[in-house]
Amino acid sequence: MTVQELPGAVAYRPTPPPAWKPRIDPAPLLPDPEPRRVLGTEAAADVDPELLLTLYAQLVRGRRYNTQATALTKQGRLAVYPSSTGQEACEIAAALALEERDWLFPSYRDTLAAVARGLDPVDALTLLRGDWHTGYDPRERRIAPLCTPLATQLPHAVGLAHAAKLKGDDVVALAMVGDGGTSEGDFHEALNFAAVWQAPVVFLVQNNGFAISVPLAKQTAAPSLAHKAVGYGMPGRLVDGNDAPAVHQVLVEAVARARRGGGPTLIEAITYRVDAHTNADDATRYRASGEIDAWREHDPIRLMEQELTRRGLLDDTVKEAASEAAEAMAADLRQRMNADPVLDPMDLFAHVFAERSSQLREQEAQLRAELEAEGDQR
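Residues numbered from 1 in each chain as written. Predicted model: local features only at pLDDT ≥ 70, side-chain atom pairs only at ≥ 80, totals over all residues. Heavy atoms only, no water.

(A) How the structure looks around the sheet that holds strand 3 (residues 201-207). Within the open sheet, the five strands sit side by side as 1-2-3-7-6. Their pairing is parallel. One side of each edge strand has no neighbouring strand; the edge strands of this open sheet are strand 1 (103-105) and strand 6 (236-240). With strand direction ignored, the average angle separating the axes of adjacent strands in the sheet is 20 degrees. Bridging between strand 1 and strand 2 (residues 173-178) involves three bridges; their strand directions are parallel. Across the sheet, the residue bridging to Trp103 is Ala173, located in strand 2. Packed on one face of the sheet, helix 6 (residues 153-167) meets strand 1, strand 2 and strand 3 and runs near 170 degrees to strand 2. (Pairing = 2+ DSSP bridges. Helix = DSSP H or I, 4+ residues; strand = E, 2+ residues; numbered from the N terminus. Axes fitted to C-alpha atoms, helices over the stretch in contact; angles between N-to-C directions. Contact = heavy atoms within 4.5 Å.)

(B) Just the packing of aromatic side chains, in detail. Under the counting rule described, the total for this entry stands at five aromatic pairs. Relative to Tyr81, the ring of Tyr65 lies with its centre 6.4 Å away and its plane at 75 degrees, an arrangement referred to as edge-to-face. With a gap of 16 residues between them, Tyr65 in helix 1 (residues 49-74) and Tyr81 in the loop between helix 1 and helix 2 (88-96) connect regions that are remote in the sequence. For Tyr65, a relative accessible area of 1% corresponds to the buried category. A centroid spacing of 6.1 Å and a plane angle of 40 degrees characterise the contact between Trp103 and Phe105, whose relative ring orientation is tilted. Just as Trp103 is buried, Phe105 falls in that class too. (Phe/Tyr/Trp six-rings, centres within 6.5 Å; stacked < 30°, edge-to-face > 60°. Buried < 20%, exposed > 50% of the residue type's maximum accessible area, 1.4 Å probe, protein only.)

(C) Fine view of the side chain of Thr85. By the secondary structure assignment, Thr85 is in the loop between helix 1 and helix 2. Side chain to side chain, Thr85 and Asp275 meet in a polar contact 3.2 Å long. In contact with Thr85, other than residues within four places in its own chain, are Arg63, Asn66, Tyr272, Arg273, Val274 and Asp275. (Polar contact = N/O pair within 3.5 Å; in protein donor to acceptor, adjacent residues only side chain to side chain.)

(D) View of a negative patch on the surface. A cluster of acidic residues, Asp315, Asp316, Glu320 and Glu324, forms a negative patch at the surface. With respect to the helices, strands and loops of the structure, Asp315 is situated in the loop between helix 10 (300-310) and helix 11 (316-337). (Patch = residues over 30% accessible without salt bridge, like charges linked within 9 Å, V, L, I, M, F, W, Y side chains within 5 Å. Areas by Shrake-Rupley, 256 points an atom, 1.4 Å probe, with all protein chains shown as cover. Salt bridge = Lys/Arg side-chain N within 4 Å of Asp/Glu carboxyl O. Lys, Arg positive; Asp, Glu negative; His and termini not counted. Charge placed at Lys NZ, Arg CZ, Asp CG, Glu CD.)

(E) Structural context of the packing of helix 1 against helix 4 (residues 121-129). At their nearest, the axes of helix 1 and helix 4 sit 12 Å apart, and the two run at 40 degrees to each other. With respect to helix 4, the element helix 1 is oriented oblique. As for the relative orientation of helix 1 and helix 4, their crossing is right-handed in sense. Every residue of helix 4 that contacts helix 1 at Arg61, Tyr65, Ala69 and Leu72 is listed here: Pro121, Ala124 and Leu125. (Parallel < 35°, antiparallel > 145°, perpendicular 65-115°, else oblique. Left-handed = near helix turned anticlockwise from the far one by under 90°.)

The following block contains the structure:
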């Protein structure tokens, strides 16, 4: 017996469906055919010289930060470090595009963005050192904890942005993720909620070519990752991720759009991971050296130096000042990271739950008893 045959069932009378039409015009949501560029184009003449110099100094500092942190892993001072060498333009632009009241939601590779936003370089590395859950108070600089699980920070960013909108706070969240993270369910769920709620959030995808050893072509058949935005009802934007002024420009536009109530934007920055995935990865097993050499010709610092030289803004004094500031930061980082931290094993149980569960209390008591017994034996 079918539903329609049940006693009292209303007779099924099909009616013609309404004419289908898009809920919104998809054309304005589509990314441009080519990534936006500023350096080497006529648009570069409109960029504020002070912004160019600031970007350059931050890029030099960021490059030195990456090399110093990588060296610390070889010295046993860091457990792991996911370098952002080659991607510094994305990192710096993300930090500079935000207002102080906004929030940054970084992934594990975005330590440089956190440092550029004002976080202490040592605090940014504490998680990767294995010392603490996170090395800083997120509220102090409005930087969410560095996120090692792929893409889980994206729904968090949407939740914060939506809450700010409900409260009437003038706050935008910027969430950073790699191309590998776009294959996670959290990415799609975040975009869908953000668009439905028109949350003031900006998604920055740093497409550096590989999710560890998996190239992008084996993750998606989409024309670009920016095209994925259209399916969720938000604009997709494509930008040259090694062109610092271009990334900054696109991010500033997206942040301003979100702040005035225009909703979320998905930005794909085309860049390249020059170093291996982490110090534990052997990138020679899945990519050729010629590929890396080609991208070094499109290095973000090199591009900035060419533009600054062309405009007469770069001389030995400017280069030396940027280099000396970067070296001073690296020396301070090296000295402070070489000091053994004083750690309390009982901190394992701090900040896990507001009210500790019975299991957690039991584990805490067991560890305390073991530590006391070990102390007595000494």
